[in-house]
Amino acid sequence: MTIRRACSALQFDRSTYHYQSRRTDPAFLKKRIKEICETHVRYGYRRVYYILRRDGWVVNMKKVYRLYRELGLQLRNKTPKRRVKAKLREDRAPAIRPNDVWAMDFVHDQLATGRKLRILTVVDTFSRLSPVVDPRFSYRGEDVVATLEQACRKIGYPKTIRVDNGSEFISRDMDLWAYQRGVILDFSRPGKPTDNAFIEAFNSKLRSECLNAHWFLSLQDACEKLEAWRRHYNEERPHSAIGNIPPIMLANSAGATSPPDLGKAENSRPTWSDVG
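Report follows, based on the coordinates.

Criteria and cut-off values
- Residues numbered from 1 in each chain as written.
- Predicted model: local features only at pLDDT ≥ 70, side-chain atom pairs only at ≥ 80, totals over all residues.
- Heavy atoms only, no water.
- Pairing = 2+ DSSP bridges.
- Helix = DSSP H or I, 4+ residues; strand = E, 2+ residues; numbered from the N terminus.
- Axes fitted to C-alpha atoms, helices over the stretch in contact; angles between N-to-C directions.
- Salt bridge = Lys/Arg side-chain N within 4 Å of Asp/Glu carboxyl O.
- Buried < 20%, exposed > 50% of the residue type's maximum accessible area, 1.4 Å probe, protein only.

Section: the sheet that holds strand 5 (residues 184–187)
- Overall, mixed pairing links the five strands, which are arranged 3-2-1-4-5 in an open sheet. Both outer strands of the open sheet, strand 3 (132–136) and strand 5, are each paired with one neighbouring strand and no more. If you compare each strand with its neighbour and ignore which way they point, the axes differ by 25 degrees on average.
- Sheet analysis places strand 4 (residues 160–163) next to strand 5, joined by four bridges and oriented parallel. What sits directly across from Thr 160, in strand 5, is Ile 184.

So, in structure tokens, the structure goes:
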């Protein structure tokens, strides 16, 4: 059957049948876009588009944007101020040992009298061990630094701490402490709590197993009950994500749960066994 009769039987336009695509292979265009972004690391897709047009490429902005996204070249619009140790474009690597990555956040609760509490929670994402759970009536950036410094002196400094964009975590005191101690502050994207999923899961356990199960009569009472729960969580409670063993067993192969002798501790490097 001829093409004319076939198209007539199918009611198909012959011009469509004879159409030849003029679409070019985007491989060379992708290569050029990548070259531009490697040379000018802060250029967005609009600037890349104008450079391509200036170089003679016949391409529209939507195609440049699509290829720009496929290559994973999109950038944050603005670098946060005073975040010297902020990590912005690097891929997150999973923790492979204790003190690789910590996660930190606040939990809100109240006393039996109705007075509000803010509880600073910290968890190691590798061993799931919690170095500190500290309640106060109010927290400032300098208070966070003091609490972290006290915990780090016992078990060592982490390489990275994942935090949200709360005012305490983006403060000048926190940024200066992180810079001096060589700690990277890995900030979550606004409105993306899943960026810090480890601390969200820990806070859920804390609320269901401790905060919802106790009345706190005073700040001292809250400190005692939260510390008792933290010790139970670290030393006794099996954690399904690490093979149903307590976090202290993964953090310390010896399984020690009590702090070492104070005289020895002053002459030796802090270890994870100090957590108890």
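Overview of unusual backbone geometry
- Non-glycine residue Gln 11 carries a positive phi angle of around 55 degrees.
- Notably, Arg 128 is not glycine yet its phi reads approximately 65 degrees, a positive angle.
- Secondary-structure assignment places Arg 128 in the loop between strand 2 (116–124) and strand 3.

Digging into the pattern of salt bridges
- All chains considered together, the criterion is met by 18 salt bridges.
- Its salt-bridge partner being Asp 109, residue Arg 207 comes within 3.6 Å of it at the nearest N-O pair. With Arg 207 in helix 8 (residues 197–209) and Asp 109 in strand 1 (residues 101–110), this pair connects stretches of sequence that are 98 residues apart.
- Using a relative accessible area of 16% as the deciding quantity, one classes Asp 109 as buried.
- In the salt-bridge network here, residues are joined through shared partners; they are Asp 134, Arg 136, Arg 140, Glu 142 and Asp 143.

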